[in-house]
Amino acid sequence: DREVFAVCGAHGKSTTTAILAAIMEGSAIIGAESKSIGSNMRFSESSNRLIFEADESDGSFLNANAKVAIVTNAEPEHMEYYGHDEKRFYEAYHTFLSNAPLRVINAEDPYLATLDMDAIRLYPSKDITNIHYTLIEDEPFTQFDLKDMGSFSIWGFGEHIALDAALAILAALEEGMDLETIRENMKAYSGIKKRFDIISKNSAVLIDDYAHHPTEIKATFESIVAYAKLKGLEKITTIWQPHKYSRTVDNLEAFKSCFQGTHKLVILPVWSAGEDVVDINFEAEFSAYNPMMIDRIERDDTHLDLIKDSQKVSTLDQGLIVGFGAGDITYQLRGDH
């Protein structure tokens, strides 16, 4: 019985949902913790609207009952659920969008660009202009112009952040919200946990990020480079915990190129998520980075100790350190394991 604003996509759906929840009143269910809400959920007695992160990984997004369907992209992912059948995968997205009377899409996504249905289409390369990054009270912000609507400012760094925010803006306008109210309400968004999550600014800046697909890592790493430059940090150390053997094998070549620009690559054991072990020679495959293979991280207040065979092999306490992964790396980085 709710007016559901359902957000889906392989990448960016949590961020887009959280931004939309900051802009609009209503209940919200997000796949990650919104820092401005202090939770991944919000219940509103006064509004009949539900801002909902819909999940394509198990097909459940087809039950979203969306009034407005918002799709950030439709890159094939979670293909084991779809029997590794791209036709079946794309048909699910088509059904998700067809079920909604109103649609907002990233029209430069290769699949979404082919759709012959009524939709509000965002063309990021021409609709989003004058992107630049700035620090406001030492926090990262992306500023951009959207179509003829003027300038917007959103917490976080990256072209992908501007894209997510633009989709949320277009959806809110479709609901009839005033443009200046949208612009002002966006200031309430302060990021989501584990997405460019700055967890320490001591002797080293430590960032935790949930990215576990090479497309996500590449986009976030470009933001990391921009942030390090503004902060005057010369050295970037990347710690990667591969998530699932199947994803690692299926995207191995893309993974090998998504860390370009890091000064040091540290690789943790694969977080299997219940999958059978597959032999992957990470030292050979990622030899261009001269990677350091470790077993775990131990966090101190001011530094990270890297542990291999129960021995400390290195300490990280300078520059910018970023951890990527969807396993328990977040707890290791925080010292919570």
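Described in the following lines is the structure provided in the data block.

Criteria and thresholds
Residues numbered from 1 in each chain as written. Predicted model: local features only at pLDDT ≥ 70, side-chain atom pairs only at ≥ 80, totals over all residues. Heavy atoms only, no water. Helix = DSSP H or I, 4+ residues; strand = E, 2+ residues; numbered from the N terminus. Polar contact = N/O pair within 3.5 Å; in protein donor to acceptor, adjacent residues only side chain to side chain. Contact = heavy atoms within 4.5 Å. Axes fitted to C-alpha atoms, helices over the stretch in contact; angles between N-to-C directions. Parallel < 35°, antiparallel > 145°, perpendicular 65-115°, else oblique. Left-handed = near helix turned anticlockwise from the far one by under 90°. Nonpolar A, V, L, I, M, F, W, Y, C, P; charged D, E, K, R; others polar. 1 Å grid on protein atoms, 1.4 Å probe; cavity = no way out; pocket = protein on both sides within 12 Å on 5 of 7 lines; lining within 4 Å. Points joined across faces, edges and corners; volume = space filled by probe spheres on them. Buried < 20%, exposed > 50% of the residue type's maximum accessible area, 1.4 Å probe, protein only.

### Some remarks on the side chain of Glu53
In step 1: Here Glu53 lies in strand β4 (residues 49-53).
In step 2: Side-chain polar atoms of Glu53 contact the backbone nitrogen of Gly31, separated by 2.5 Å.
In step 3: With residues near it in sequence (within four places) discarded, Glu53 still touches Val7, Lys13, Ser14, Thr17, Ile29, Ile30, Gly31 and Ala32.

### So, the packing of helix α1 (residues 13-23) against helix α4 (residues 159-174)
Packed helices, taken two at a time, are described by the angle between their axes plus the distance between the axes.
In step 1: Across the interface, α1 lies against α4 with an axial gap of 9 Å and an inter-helix angle of 45°. Looking at the two axes, α1 sits oblique to α4. As for the relative orientation of α1 and α4, their crossing is right-handed in sense. Between α1 and α4, the residues in contact are Thr15, Thr16, Ile19, Leu20 and Ile23 and Ile161, Asp164, Ala165, Leu167, Ala168, Ile169, Ala171 and Ala172, respectively.
In step 2: Class assignment of the residues belonging to the contact of α1 with α4 gives a composition of 10 nonpolar, 2 polar and 1 charged.

### Side note on empty space enclosed by the protein
In step 1: Using the criterion set out here, one finds 2 cavities of 30 Å³ or more in the structure.
In step 2: As a volume, the largest cavity reaches approximately 90 Å³.
In step 3: Around the largest cavity sit 13 residues that line it, and Ser200, Ala204, Leu206, Thr302 and His303 are the ones nearest its centre.
In step 4: Among the residues forming the lining of the largest cavity, the class breakdown is 5 nonpolar, 5 polar and 3 charged.
In step 5: Taken as a whole, the second largest cavity holds about 30 Å³ of empty space.
In step 6: Every residue lining the second largest cavity is listed: Phe61, Leu62, Ala64, Asn65, Ala66, Phe96 and Asn99.

### What about the layout of surface pockets?
In step 1: By volume, the second largest pocket amounts to about 220 Å³.
In step 2: Forming the walls of the second largest pocket are 14 residues, and the residues nearest its centre are Glu77, His78, Met79, Asp250 and Asn251.
In step 3: Split by residue class, the lining of the second largest pocket holds 2 nonpolar, 5 polar and 7 charged.

### Thoughts on the side chain of Ser47
In step 1: Residue placement: Ser47 occurs in the loop between β3 (39-42) and β4.
In step 2: On the accessibility criterion, Ser47 (14% relative accessible area) is buried.

The quantities given are spatial measurements derived from coordinates; they are silent on function.
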